[in-house]
Amino acid sequence: MKISIKHYIILMLIFFTLLPFVLLRIIAYPKIQSDLRTVIMDNLEMVGNKQADIVSSWMKERKTNVIVVASNPFVADSLKSAGGDDSKATEYLELVVSEYGYKGALVCNADGIVTLATSEEEVGADLSGRDFIQQAMQGKSYATSIIPSVIALMNEFDEKEIGLPTMFVSAPLKDGDNVIGVVAFRIHVATLSNLLQSQKFGKTGETYIVGKDGYMLTESRFADNLKKTGGVRVRSALELKVVNPDNGKLAYSVNQCLKGKDGSSSKGYKDYAGISVLGVWRWLPELEWGVITEIDKTEVYGVAYNLNTLGWILLFGIAFPIVFFAYVVGKKIAAPIVELTEATEKMSSGDLTHRVQRLHVERGDELGVLATSFNAMAEALDKKTNEIEESEKAYRELFNALQAGIYQCEPGVEGTFTWVNQSCAEIFGYGSPEEMEGTKVKDIYVDQADRKKLVDKLEKEGASKDFTSYCVKKNGEKFYTERTSNMVKDEKGKPVRIEGVIRDISDRKKKEDEMQKKSRKSQSDNKS
């Protein structure tokens, strides 16, 4: 049976009309959806990892603060001269509490009795049974988990409340090598919640911390909604157990954290409100905390779902009615979608500044909605990336503002400094951190054996405290230093870097030498 030229042309027009749409539906749309999911998860993981790093840095800063205060001679003198005038030490503690936003500070003697505190009602209390006192008395700096307070504290409603979420960091107070007491800070946990909530992403994105029992330790971004629905009474911290309300079991992300696993989910799971979310989680073993970052699945995948619907509309709703103009219409539709594919690929490669320009967002059809949604998502991701970079810059500036020298260097005797703060650079006579970075670590030691001794200890034990060495500045001036160092290893146990805090103790060393000379002279006089 012969086909007339008329039918042949019609069939050819139908074929060439449908072919571009079929190819786009089979090849282009799935690729766009896949690329969108990749971009979304890459950025969510970047945000989640950054939030976990912020929590770790925040806690290290808290420990550094208490160590610095414990090293202040005012505090040790106030404990040694019990019953004397300790007003200077009290003023110093009150200044630190006010400056860094702590809830309070206290000093205990070797028996665990509070001898000095910013709150007078705590003076005389017996804290010998508390873990942060016991750990510090063993010569360790220590941070508790977030726990309910046993005394009444001022809450966010300006009311005194027992059971308010709080935590302590402590450090040993030493007289020479002897631990004579403990310095402890009470941390205002709300500052950590505010820090996490300040890093906003999307309308439904949030980051929170869970403890080893599955309870939320910081405030949910949606605490007000939880109160309205009866999910919590006062606050989510220490009240809300993060479980899937459909089955009463721990949410998937929490369950993974409590197994000590880091990870993410692009398929989604039910959160504590029963909403399907995408999540990224990091387990911080040193704190026994899980840092979880989540965002509603419908928010981030909405563009992909719209794109899928649009594909079917284009294929069945437009192609068949316009057979005569099939080629023109096909080309008109294919061109902007190809551009959208190219834009998605550029975003996948890291270019978040690219926008879809050729699609006119003013148009009222589905392509206009898609262009608007795509550009809005790209703008949000670009803004979030800039915010994260600014946050990282702020933390670098904060480390540079600290008085103690903080450094990171490569492992091994031949390692170089990879990062130092301003104080560290000044200690060794450099004008800026950039000038010191890249120099050999062993070059700061007068005795090269000291570097090998420290590296050997770090490789065996993982950490070193109060390591004293004779060092040399850039100009050749020699002086004594004391440092606390930590060896950071990857998941396979391979050393990645060494990081620590270093101080110039030349004045202290000089005083100790003078005291030793006086002691020897006194012994010599007694013998004679």
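> Just checking my understanding: could you explain helix α13 (residues 448-461) for this structure?
Every α-helix carries 3.6 residues per turn, so stepping three or four residues along brings you back to the same face. For α13, spanning 14 residues, the distance from its first C-alpha to its last is 20 Å, which sits close to the expected 20 Å at 1.5 Å a residue. Taken together, the buried positions of α13 are occupied by D450, R451, L454, V455 and L458. Looking straight down α13, one finds that the buried residues subtend no more than 130 degrees of arc, so they occupy a single side. Set apart from the buried face of α13 by more than 90 degrees, the exposed residues are K453, K460 and E461. Elements that come into contact with the buried residues of α13 comprise β13 (405-409), β15 (463-472), β16 (478-489) and β17 (495-504). Just downstream of α13, G462 is the residue with a positive phi angle, here 90 degrees.

> For this particular structure, what's the right way to read helix α3 (residues 87-100)?
With 14 residues, α3 should reach 20 Å at 1.5 Å per residue; the first-to-last C-alpha distance of 20 Å fits that figure. Residues A89, T90, Y92, L93, V96 and V97 constitute the buried set of α3. Buried positions in α3, seen along its axis, are confined to an arc of 160 degrees and lie on one side of it. The exposed set on the far side of α3, more than 90 degrees from its buried face, consists of K88, E91, L95, S98 and E99.

> What is the right way to look at the pattern of salt bridges in this model?
Counted according to the given criterion, the structure contains 16 salt bridges. Note that E482 and R508 form a salt bridge whose closest N and O atoms lie 2.8 Å from each other. Taken together, the positions of E482 in strand β16 and R508 in helix α14 (residues 506-527) put the pair 26 residues apart, joining distant regions of the chain. Assessed through its relative accessible area of 38%, R508 is described here as partly exposed.

> Would you mind going over the sheet that holds strand β10 (residues 263-270) with me for this structure?
Strand pairing in a sheet relies on backbone hydrogen bonds. The paired strands run either parallel or antiparallel. Read across the sheet, 4 strands follow the order β9-β12-β11-β10 without closing on themselves; strand pairing throughout is antiparallel. Edge positions in the sheet fall to β9 (206-210) and β10, since each of these pairs with one other strand and no more. Across the sheet, the mean angle separating the axes of adjacent strands is 30 degrees when strand polarity is ignored. Bridge analysis of β10 against strand β11 (residues 276-284) gives 5 bridges, and the strand direction is antiparallel. Counted as the bridge partner of S264 is V280 from β11.

Thresholds, definitions, all that
- Residues numbered from 1 in each chain as written.
- Predicted model: local features only at pLDDT ≥ 70, side-chain atom pairs only at ≥ 80, totals over all residues.
- Heavy atoms only, no water.
- Helix = DSSP H or I, 4+ residues; strand = E, 2+ residues; numbered from the N terminus.
- Expected span 1.5 Å × (residues − 1).
- Buried < 20%, exposed > 50% of the residue type's maximum accessible area, 1.4 Å probe, protein only.
- Arc of directions from axis to C-beta.
- Contact = heavy atoms within 4.5 Å.
- Salt bridge = Lys/Arg side-chain N within 4 Å of Asp/Glu carboxyl O.
- Pairing = 2+ DSSP bridges.
- Axes fitted to C-alpha atoms, helices over the stretch in contact; angles between N-to-C directions.

By themselves these figures say nothing about function.
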